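Read off the chains here:
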Amino acid sequence: MIPHGRITAIAAVLLALASGGADTAEPLRTLAPGMLRVGTYFVNPPFEYVANGADVGFEVDLMEEIARRLGLKPVFVNTHWESILKEMQDGRYDCIVGAITITPERERVLAWSVPYVTTTLSLVVNHAKTPAIHSLADMTGAVVGVQAATTDYDAALVMQKRGEIGRIKVYPFDRIKDAMTDLDAGRITAVMKVAPVAAWLAAKSPDLLIVAQVPNDPQPLGIGFGKNQPALVAAVNGALVAMQRDGSINQLKEKWGVP
């Protein structure tokens, strides 16, 4: 978790430096001239997913707009959550995106943009099968589904240690639909996911309901880079600041239901 004051300070410095865009004196150095190679995974709605054979989502639109402002053409490369951080370390992409929370551990291995969204973790339940659950206080003994190697899993471990939930069931990242199927069938009590994804998934069934947000655990989402890419990080941060100033990032959030 990054302290709010630090995030604000970073954004303030960038705002002072930005002068209406992310224009640079010379072309940015990327893996392929004129192109921005973006690693992601299309199993994470509304951030990125496949609809009618097309790659869509909030972060698809976000990266396309950032690339446009930098004079680059975005190229999205589909990979897996379990390998994307190491692949970025190995230099396979110019950057990575995928509703990835900036954490101290991840900052040790990659460079990160300023957060473009700070969200929360939500708990989704099947209200038809567990009508007595109305809040986090009612989750004692609950079986909570989470995705492997995520901040959702880390938060669930802490909550389990405090006795706020019971058992944890772990799913591969790209099998979140299996967790929702188990929830719909009553095989688990709840699913924990970042708020926009939780809301998207809950909307697929009238019996599913978000009953709580995990308190005191903000999730700042950022774009990841190799440690040797300061110019690209600075340029992307400049584009993000410009998008905040002109309101275009808020338009994308409204379009995709990302608070």
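All values reported here derive from a predicted model rather than from experimental measurement. (Residues numbered from 1 in each chain as written. Predicted model: local features only at pLDDT ≥ 70, side-chain atom pairs only at ≥ 80, totals over all residues. Heavy atoms only, no water.)

S.K.: I keep staring at helix α7 (residues 195-202) and nothing clicks. Help me out?
M.R.: Each α-helix turn comprises 3.6 residues. Residues three or four places apart therefore point the same way. Across the 8 residues of α7, 6 count as buried, placing the element largely inside the fold. Taken together, the buried residues of α7 touch β2 (43-44), β8 (117-119), β9 (121-126), α6 (176-185), β12 (190-194) and β13 (208-213). (Buried < 20%, exposed > 50% of the residue type's maximum accessible area, 1.4 Å probe, protein only. Helix = DSSP H or I, 4+ residues; strand = E, 2+ residues; numbered from the N terminus. Contact = heavy atoms within 4.5 Å.)

S.K.: Is there a simple way to explain empty space enclosed by the protein in this structure?
M.R.: Per the counting criterion, the structure on display carries 1 cavity of 30 Å³ or more. When its volume is computed, the largest cavity comes out at roughly 120 Å³. Together, 14 residues line the largest cavity, and Ala-99, Thr-150, Asp-152, Phe-173 and Lys-193 are the ones closest to its centre. Listed by contribution, the elements that provide at least two residues to the lining of the largest cavity are α5 (151-161) and β12. (1 Å grid on protein atoms, 1.4 Å probe; cavity = no way out; pocket = protein on both sides within 12 Å on 5 of 7 lines; lining within 4 Å. Points joined across faces, edges and corners; volume = space filled by probe spheres on them.)

S.K.: How should the side chain of Gln-229 be read in this particular structure?
M.R.: Along the chain, Gln-229 falls in the loop between β15 (224-225) and α8 (230-246). Judged by its relative accessible area of 15%, Gln-229 is buried. Among the polar contacts listed, one links the side chain of Gln-229 to the backbone nitrogen of Gly-226, at a separation of 2.4 Å. (Polar contact = N/O pair within 3.5 Å; in protein donor to acceptor, adjacent residues only side chain to side chain.)

S.K.: Honestly, the sheet that holds β12 in this entry has me stumped. Any pointers?
M.R.: Strand pairing in a sheet takes place through backbone hydrogen bonds and is either antiparallel or parallel in direction. If you walk across this open sheet you meet the 5 strands as β11-β10-β12-β9-β13, and the pairing is mixed. The strands lining the two open edges of the sheet, one partner per strand, are β11 (168-171) and β13. Averaged over all adjacent pairs, the angle separating strand axes in this sheet is 35 degrees, with direction ignored. Sheet topology note: the β9/β13 ladder contains 5 bridges and is antiparallel. Within β13, the residue paired with Val-124 across the bridge is Ile-210. Here α5 sits on the sheet in contact with β9, β10 (144-147), β11 and β12, set at roughly 130 degrees to β12. (Pairing = 2+ DSSP bridges. Axes fitted to C-alpha atoms, helices over the stretch in contact; angles between N-to-C directions.)

S.K.: Sorry if this is basic, but what is going on with the environment of Thr-79 here?
M.R.: For Thr-79, the position within the fold is in the loop between β5 (73-78) and α3 (81-89). In sequence terms Thr-79 and Leu-232 are 153 residues apart; their C-alpha atoms lie 22 Å from each other. Contacts of Thr-79, omitting those with residues within four sequence positions, involve Thr-40, Tyr-41, Ile-84, Glu-87 and Tyr-93. A distance of 3.5 Å separates a polar atom in the side chain of Thr-79 from a polar atom in the side chain of Ser-83.

S.K.: Which parts of the structure should I look at to understand the packing of helix α2 (residues 58-69) against α8?
M.R.: Packed helices, taken two at a time, are described by their axes: the angle between them and the distance between them. Where α2 meets α8, the axes come as close as 10 Å, and the angle between the chain directions of the two elements is 110 degrees. Classed by the angle they form, the pair α2 and α8 counts as roughly perpendicular. Every residue of α8 that contacts α2 at Leu-62, Glu-65, Ile-66 and Arg-69 is listed here: Val-236, Ala-239, Leu-240, Ala-242, Met-243 and Asp-246. Considered class by class, the residues forming the contact of α2 with α8 number 7 nonpolar, no polar and 3 charged. (Parallel < 35°, antiparallel > 145°, perpendicular 65-115°, else oblique. Nonpolar A, V, L, I, M, F, W, Y, C, P; charged D, E, K, R; others polar.)

S.K.: It is not clear to me how the pairing of β10 should be interpreted in this structure. Could you clarify?
M.R.: Here is the key point about a regular strand: its side chains alternate between the two faces of the sheet. Every second residue of β10 is oriented toward a common face, with Val-144 and Val-146 on one face and Gly-145 and Gln-147 on the other, all of them buried. Taking the sense of rotation as the criterion, the β-α-β connection linking β10, α5 and β11 turns out right-handed. The pairing of β10 with β12 spans 2 bridges and is classified as parallel. Within β12, the position partnered with Val-144 by the bridge is Ala-190. (Right-handed = clockwise from strand over helix to strand, strands pointing away.)

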